[in-house]
Amino acid sequence: METQPEPRQSHSSLPSIFAIIGLLWYVVLWSISLLGCRTGRRRYRVRPRSPLATAPPDSIPGVSILRPLKGLDANLYENLESTFTQEYPKFEIILSVADEQDQALPIARDLISKYPSITARIIIGEEVVGVNPKVNNLIRSYREAAYDILWVIDSGVSVAPGTLARSVDLLESSTHTRPSKRRVALVHHVPFVSAPEGFLGSRIEEAFLNTNHAKMYLAINTVSIESCVVGKSNLYRRSDLERVNGSLKPRAHTESDDDQDCTYGLAAFGKFLAEDNMIASALWHELDLRHDLSCDVAYNAIGKMSLSDYVWRRVRWIRVRKHMILAATIMEPFTENLIASSIAAASLRYLFGISIWPFLVVHHAAWLWVDLDVYESLAGHPLPADRRWWFFTAWCLREFLALPIWFLAMLGNEVIWRGKKYEVLRAGEVKGRSDDGNHRGLSTRWRQLDSQYQPLPSTHS
């Protein structure tokens, strides 16, 4: 008779274990969020001027700025002009287009005429080295660049005048540190966007990129346990890139006779859709080098993005990620606000009898406060009062859409990018598909979408 309560005790042990694991996971997520918030405050609220901005040209390394162009991106003139006005004494600009009929050419030529003191030129004609059109457009600029340090920056990005000097400062300073510390091979800039057009998808994209995405991006790069890079604006050395091939195998393990047929350098990444992420990962894993974040941001303004556009844009990159980092992609839903808070609420209720709804109210208020603090750090100012209602609405919609989008992305392998359909293969490689058009019967406008990013007016130096 005395042994009867034991089965009940054994039965309740498994839920207790899950509840404890759920609370521990919740603590980990809050630690990551607060780390991202702290990094934003420390790195972006003060942006000092680099001494390289006024250094003699012969005392600093030169930089080749590569900007691939295709069509008339919104505010393309201002985007490109932001590189002509960089406060750095020694750089060249190479603007590249795939064909002579590209509508971006008159703007590029106008800017070169406007700034005759800047070394700048245009390269017309792509070289096909893979399925990625951006790499095909860049390959000639990459080979003909005069300097070893390359700054590859998308045509939809606008940057502050001091960005280049501060970025080179980071890239070069690591060469003078103690030998035990890994050298910086790549400097990147966190995206910051606005949605002046007011379309629903644009608002949601703004709320996502400027809060949750930025927060996690900053935290992961602060911990630096793995490569995590968005390729809108990156600096790296061509001499480093020429030593990697995208295999992600340490260099010592790839030096064999079989590697004589391997392609190295930028051309090796033409088979990937997310070539920027793969370049960063290759420098990290193959050469055992690291990355660093500048205190600058890559400014964008989102144009006419519908709700459908937003959904399929997120689907596209989740499908690419799941073939590159499957385990992390599977864990993504558990990092989302609604899922994590629900797990924590259930765990607290089971272990301590804490009421669910008061906990959820406090949690979501605190989560939103942290997100807004990250926004303020990147923007340099609080969220404007006249935009708060729309921002809060978009923020909530983003939270509710996260899980359905993830499920949709996990169920397929096809993506549409720049009007063309691709199938994502292992390790993030892609192959083109001949059947273009709408995605599963839903209207998508990737070609238009890629031209909807416009620069924010920059008030930073």
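These notes cover the structure that comes with them. These figures come from a predicted structure and were not determined experimentally.

## Considerations on the overall build of the protein
Consideration 1: Secondary structure summary: the protein contains 15 helices and 11 strands in total.
Consideration 2: Counting every position in the protein, which comprises 461 residues, the buried fraction comes to 52%.
Consideration 3: Intrachain contacts of the protein at a sequence separation of at least 6 include 80% that bridge at least 24 residues.
Consideration 4: For the protein, the exposed area adds up to about 20,900 Å²; of that, 58% sits on carbon and sulfur atoms.

## Some points on the sheet that holds strand β8 (residues 414–417)
Consideration 1: Sheet architecture is open: three strands sit in the order β8-β9-β10, paired in antiparallel fashion. One side of each edge strand has no neighbouring strand; the edge strands of this open sheet are β8 and β10 (430–433). Within this sheet the neighbouring strands show an average axis-to-axis angle of 40°, counted without direction.
Consideration 2: Note: strand β9 (residues 420–424) against β10, four bridges, orientation antiparallel. When the bridges of β10 are listed, Glu 423 appears paired with Lys 431.
Consideration 3: Running at roughly 125° to β8, helix α10 (residues 307–322) makes contact with β8 and β9 of the sheet.

## As for the environment of Gly 412
Consideration 1: Turning to its location among the elements, Gly 412 is positioned in the loop between α14 (388–410) and β8.
Consideration 2: Along the backbone, Gly 412 and Arg 319 are 93 residues apart, and their C-alpha atoms lie at a distance of 7.3 Å.

## Looking at the side chain of Ser 227
Consideration 1: Its place among the elements puts Ser 227 in the loop between α6 (200–223) and β6 (233–237).
Consideration 2: Here His 291 takes part through its side chain, which lies 3.1 Å from a polar atom of the side chain of Ser 227.
Consideration 3: Sequence-distant contacts of Ser 227, that is, excluding residues within four places in its chain, are made with Ala 280, Ser 281, Trp 284 and His 291.

## Examining the nonpolar core
Consideration 1: In terms of nonpolar packing, the biggest core is built from 73 residues, with Leu 66, Tyr 236, Leu 241, Leu 266, Phe 269, Leu 283 and Leu 378 touching the most fellow members.
Consideration 2: It is helix α13 (residues 356–379) that provides the largest number of residues to this core, a total of nine residues.
Consideration 3: If sequence neighbours within four positions are ignored, Leu 283 has contacts with Ala 185, Leu 186, Tyr 236, Asp 240, Leu 241, Val 244, Asp 288, Leu 289 and His 291.
Consideration 4: Counting residues in hydrophobic clusters, the runner-up holds 36 residues, among them Leu 52, Leu 80, Tyr 88 and Val 168.

So, how was this worked out
Residues numbered from 1 in each chain as written. Predicted model: local features only at pLDDT ≥ 70, side-chain atom pairs only at ≥ 80, totals over all residues. Heavy atoms only, no water. Helix = DSSP H or I, 4+ residues; strand = E, 2+ residues; numbered from the N terminus. Buried < 20%, exposed > 50% of the residue type's maximum accessible area, 1.4 Å probe, protein only. Contact = heavy atoms within 4.5 Å. Areas by Shrake-Rupley, 256 points an atom, 1.4 Å probe, with all protein chains shown as cover. Pairing = 2+ DSSP bridges. Axes fitted to C-alpha atoms, helices over the stretch in contact; angles between N-to-C directions. Polar contact = N/O pair within 3.5 Å; in protein donor to acceptor, adjacent residues only side chain to side chain. Core = buried A, V, L, I, M, F, W, Y, C linked by side-chain atoms within 4.5 Å.

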